[in-house]
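Commentary on secondary and tertiary structure
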Amino acid sequence: MGQALSNEDPVPRSHEELTKELANKFAEKCFTPLELYSFKDVFNSLADREHEVRYLKEGTIARYLEVPDALDVTPVLFQMVSYLGAFPFLQDAPAVLGLEQMVMVVTILTERYRRVLTSGVTNRRKLLFKSLAVYDRKLSEMQVDERAESSVETDKTGTGQRRGPVPISTSHSGFAIDEPGDDEDPGLDDGDELVLAAFDSLDYISAFKHGGLPVTHDAMIPAVNFQKLIMLLLLVAPLDAQESLSSYSSRLSGDELEQLRKTAGCVLTAFCSNEQDQPAKPPPEPVQPLLENTGSIMNLSILSQISFFIPGPSLFRRLRLLYSGDEDGFSMGSFESKVFNWRAPTILLMSGTRLPAEALHDHSGPASTFLSTLPSQRFPPGNRSDDEHERVTFGVYLSQTWKHTHRECFGNEDSVLFQLEPVHDVFRASTVNKDYASFTKPSGSAPLGGVSFGCPPPQPTQAYRRSNIMSLGPVSLALEDSFEFGCFTHNYTSQGGAFQTSVERKFDFQERFEISSIEVWGCGGDEEAKHQAERWAWEAREAEARRKINLGTGDLEADRALLEMAGLVGANRSGGSMA
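Attention in this report is confined to the structure presented alongside it. Owing to the predicted nature of the structure, the values given are computational and were not obtained by experimental measurement.

Take Ser-430: it is sitting in the loop between β11 (425-428) and β12 (438-440). The exposure class assigned to Ser-430 is buried, which follows from its relative accessible area of 11%. Within polar-contact distance, the side chain of Ser-430 engages the backbone nitrogen of Val-432 at 3.4 Å. Once residues lying within four places of it in the same chain are set aside, the contact partners of Ser-430 are Glu-413, Tyr-436, Gly-497, Ala-498, Phe-499 and Gln-500.

What follows is the structure, encoded as structure tokens:
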């Protein structure tokens, strides 16, 4: 580095020489001496030998990583690893996984390459996509022909009018299903900056003139492969650095495995959403359960799914069930008594079934009162399905404690609104407004009470008090006060409010649903639980003291004075009925 580069290398170097040079750079600058020693020791202990070449087989990697056979994900992982092992000469994939190739793999997957490849390197997402993708020439050509036909329309005067560019070539390499054709090499695209940085570090930019890059046009990751990978990610989500994956083998059979597959399907749906019409080891040591108990909604798979957008250390082995509608009753009063004293973040989950079309027009049905409080502007459901009673699950993460809403909402920019089923989607907090969360019991000033997120707070105006229509935010979730029904609104056209619009579903939709389960989980440890227990005990003693006071003298003023001396009324305390 530092010398002027000519258009061509004076001494051509082979791919093997360049790969070894880059691997040595990674090894020296991205690993400590102890890590490198251990890396080589593990490789040598696992590698097979053939013609003086030491390499790792698919089965060897699977056994070392303890990849479960039940997930059938080993071929997917080996394809990815074999592709990354060919870096930066990706056209040579799949690579024989020798020591240098495994250094490439680990360096890329752990993002340690940033210590060497710093120029213009922002991420590795496109490289990871290529490592999992397949290329089917016949399918690609059919798709190109279809796009060419649909790109020409006839206007009202009969003039042919082309809409947008039509792809005229495709290129396939790496793990191509069919033989490559004679397509022209389109060169470097905007997602290959990582490979470009690697060649730059080797003073070998001319590599691009030799067809050095495969491209991703018409490539795809098969849904079945992606779902297997997601199932593995859900399974390993709670793992600590030195923890064995075999500790969670109980999740790989029966209902647990089926739940894992179902949750992965919900996550996969998020990637498929488009606009609508627009080696043997000793037995593992017992580990602390990831969840002390489960709820009607929360289970290990849901917990792993939530860890995709909320840090795992805040979830695994930290959650406590504070409130469950099934056990504590579906009311704001029981919700308040169980949740309001928790001085740490909480996760609210609610699940139910989408209201069928006939319920939306039945003015005498059980949902009619709730539906009559919704604004007239309504959108279609967010997921196309033939099942009108499809299950939907939503949730909210709040880092602030719960409290009653008067004129301002509570919550902050850490708040997260999300959907888990049937589509995995996350709606982060924005700064457009601060209407993050509201808890309002019905009253004369707020006839439409309930719990909402992303909706405006109650307003002290006569017009608002007389209104029987909910004020729904652009991206919002609203539950009526009896916790029977809810409504999620995604007004993409408005570009969001307290919460941002979906990154994947760029259209307007709304889910009106009947709630079957609702629960709140506290994210905290023993200290938070101790504080909550102390608060509950104090409230119980106060209630008992109020019950034992000898009232009923007939002198209301004297009784009230006695209550004020006891500190039980006055300020914000009512002391209950005096009659």
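Structure's up, so let's keep going.
In this sheet, β11 lies alongside strand β10 (residues 416-421) in antiparallel orientation, the contact comprising four bridges. Along β11, the bridge assignment pairs Leu-417 with Phe-427.

Attention now moves to helix α10 (residues 254-272). Each α-helix turn comprises 3.6 residues. Residues three or four places apart therefore point the same way. Counted at 1.5 Å a residue, the expected span for α10 with its 19 residues is 27 Å, and the 27 Å between its end C-alpha atoms agrees. Taken together, the buried positions of α10 are Leu-257, Leu-260, Thr-263, Ala-264, Cys-266, Val-267, Leu-268 and Ala-270. Elements that come into contact with the buried residues of α10 comprise α9 (223-236), α11 (300-306) and β10.

This paragraph deals with the nonpolar core. One finds Phe-26, Phe-87 and Ile-306 to be the most contacted residues of the largest nonpolar core, which totals 82 residues. Among the elements that take part in this core, α9 stands out by supplying seven residues, more than any other. Each of two domains, domain 1 (13-137 + 191-237 + 261-267) and domain 2 (300-528), supplies a minimum of three residues to this core. Setting aside chain neighbours within four positions, we find Ile-306 in contact with Met-298, Leu-315, Ile-347, Leu-349 and Leu-420. Among the nonpolar cores identified, the runner-up in size contains 37 residues, and Leu-348, Trp-402, Tyr-436 and Ile-515 belong to it.

Let's shift gears to the pairing of strand β9 (residues 391-398). Buried residues dominate β9, accounting for seven of its eight residues. Relative to β9, strand β8 (residues 346-354) runs antiparallel, the two sharing eight bridges. Looking across to β9, one finds that Gly-352 is bridged to Val-392. The sheet contact formed by β9 and β10 spans five bridges and is antiparallel. Residue pairing across strands places Val-396 opposite Leu-417, the latter belonging to β10.

Two side chains that carry opposite charge are able to pair once their charged atoms sit near each other. Tallied over the entire structure, the rule returns 14 salt bridges. The partner of Glu-111 in a salt bridge is Arg-124, and the shortest N-O contact between them spans 3.5 Å. Of the two residues, Glu-111 sits in the loop between α5 (99-109) and α6 (125-132) while Arg-124 sits in the loop between α5 and α6, which places them 13 residues apart along the sequence. Classification of Glu-111 by relative accessible area gives partly exposed; the value is 29%. The salt bridge involving Arg-317 is made with Glu-243; its shortest N-O contact spans 3.2 Å. In this structure Arg-317 comes out as partly exposed when scored by relative accessible area, which is 22%. By sharing partners, the salt bridges in this structure join Glu-111, Arg-114 and Arg-124 into a single network.

For the peptide bond that leads from Ala-93 to Pro-94, omega is 5°, which places it in the cis range. Backbone torsion omega between Glu-421 and Pro-422 reads 0°, so that peptide bond is classified as cis. Topologically, Pro-422 is positioned in the loop between β10 and β11. In this model, Phe-483 sits at a positive phi of 60°, which is unusual for a non-glycine residue. Along the chain, Phe-483 falls in the loop between β14 (475-480) and β15 (485-490). Judged by relative accessible area, Phe-483 falls into the buried class, the value being 1%.

Criteria and cut-off values
Residues numbered from 1 in each chain as written. Predicted model: local features only at pLDDT ≥ 70, side-chain atom pairs only at ≥ 80, totals over all residues. Heavy atoms only, no water. Helix = DSSP H or I, 4+ residues; strand = E, 2+ residues; numbered from the N terminus. Buried < 20%, exposed > 50% of the residue type's maximum accessible area, 1.4 Å probe, protein only. Polar contact = N/O pair within 3.5 Å; in protein donor to acceptor, adjacent residues only side chain to side chain. Contact = heavy atoms within 4.5 Å. Pairing = 2+ DSSP bridges. Expected span 1.5 Å × (residues − 1). Core = buried A, V, L, I, M, F, W, Y, C linked by side-chain atoms within 4.5 Å. Domains from an automatic or database assignment. Salt bridge = Lys/Arg side-chain N within 4 Å of Asp/Glu carboxyl O.

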